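The lines below spell out each chain.
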Amino acid sequence: MSDYFRPATSPKALKQHRCVFCYYPIEIGEIYKRQTGFYEGKAFTNKFHDECFDVLCDEGEGEFMPGSADPPERLLQKVPA
């Protein structure tokens, strides 16, 4: 069975999500990348920070291990309130 990936969309988060690439939260109101399709015959929906999606696309393969990436630098610089 062939794999199929729909073009990514850029919705605004109406609730908190978790980036499948770095596992850091996607906060409410943040624009993120959402991609759906079929992989190895199973439907999927992935949500990414914009930066994580760009890194994944720049690597060229498109395959990844969930949670394998470092989070975007902007998230590491946040100071807890």
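Structure: see above.
From a predicted model like this one, the values you see are computed outputs, not experimental measurements.

Calculation rules
Residues numbered from 1 in each chain as written. Predicted model: local features only at pLDDT ≥ 70, side-chain atom pairs only at ≥ 80, totals over all residues. Heavy atoms only, no water. Helix = DSSP H or I, 4+ residues; strand = E, 2+ residues; numbered from the N terminus. Buried < 20%, exposed > 50% of the residue type's maximum accessible area, 1.4 Å probe, protein only. Contact = heavy atoms within 4.5 Å. Areas by Shrake-Rupley, 256 points an atom, 1.4 Å probe, with all protein chains shown as cover. Pairing = 2+ DSSP bridges. Phe/Tyr/Trp six-rings, centres within 6.5 Å; stacked < 30°, edge-to-face > 60°.

Let's shift gears to the overall build of the chain. Check the secondary structure of the chain and you find two helices and five strands. Going from N to C terminus, the chain has its helices and strands arranged as β-β-β-β-β-α-α. Expressed as a percentage of the 81 residues in the chain, the buried residues total 30%. Long-range contacts, defined as pairs at least 24 residues apart, comprise 49% of the intrachain contacts of the chain with a sequence gap of at least 6. Per element, the accessible surface of the chain, about 5,800 Å² overall, is 53% carbon and sulfur.

A few words now on the pairing of strand E4 (residues 33-39). With two bridges connecting them, strand E1 (residues 4-5) and E4 associate as antiparallel partners. The residue bridging Tyr4 from the neighbouring strand is Phe38, located in E4. Sheet analysis places E4 next to strand E5 (residues 42-48), joined by seven bridges and oriented antiparallel. Its bridge partner being in E5, Tyr39 is matched across the sheet by Lys42. In sequence, E4 turns back onto E5 through a hairpin of two residues, with Glu40 there showing a positive phi of about 50°.

Turning to the packing of aromatic side chains, a few remarks are in order. Per the counting criterion, the structure on display carries four aromatic pairs. Measuring from ring centre to ring centre gives 5.6 Å for Phe5 and Phe44, while their planes differ by 55°; the resulting arrangement is tilted. Residue Phe5 is found in strand E1, and its partner Phe44 is found in strand E5; the two are separated by 39 residues along the sequence. Using a relative accessible area of 15% as the deciding quantity, one classes Phe44 as buried. Ring centres of Phe21 and Phe64 lie 5.3 Å apart, and the angle between their planes is 85°; this geometry places the pair in the edge-to-face category.

One non-glycine residue, Tyr23, lies in positive phi territory at about 70°. You can see Tyr23 is positioned in the loop between strand E2 (17-18) and strand E3 (25-26). Here Glu40, not a glycine, exhibits a phi torsion of approximately 50°, which is positive. With respect to the helices, strands and loops of the structure, Glu40 is situated in the loop between E4 and E5.

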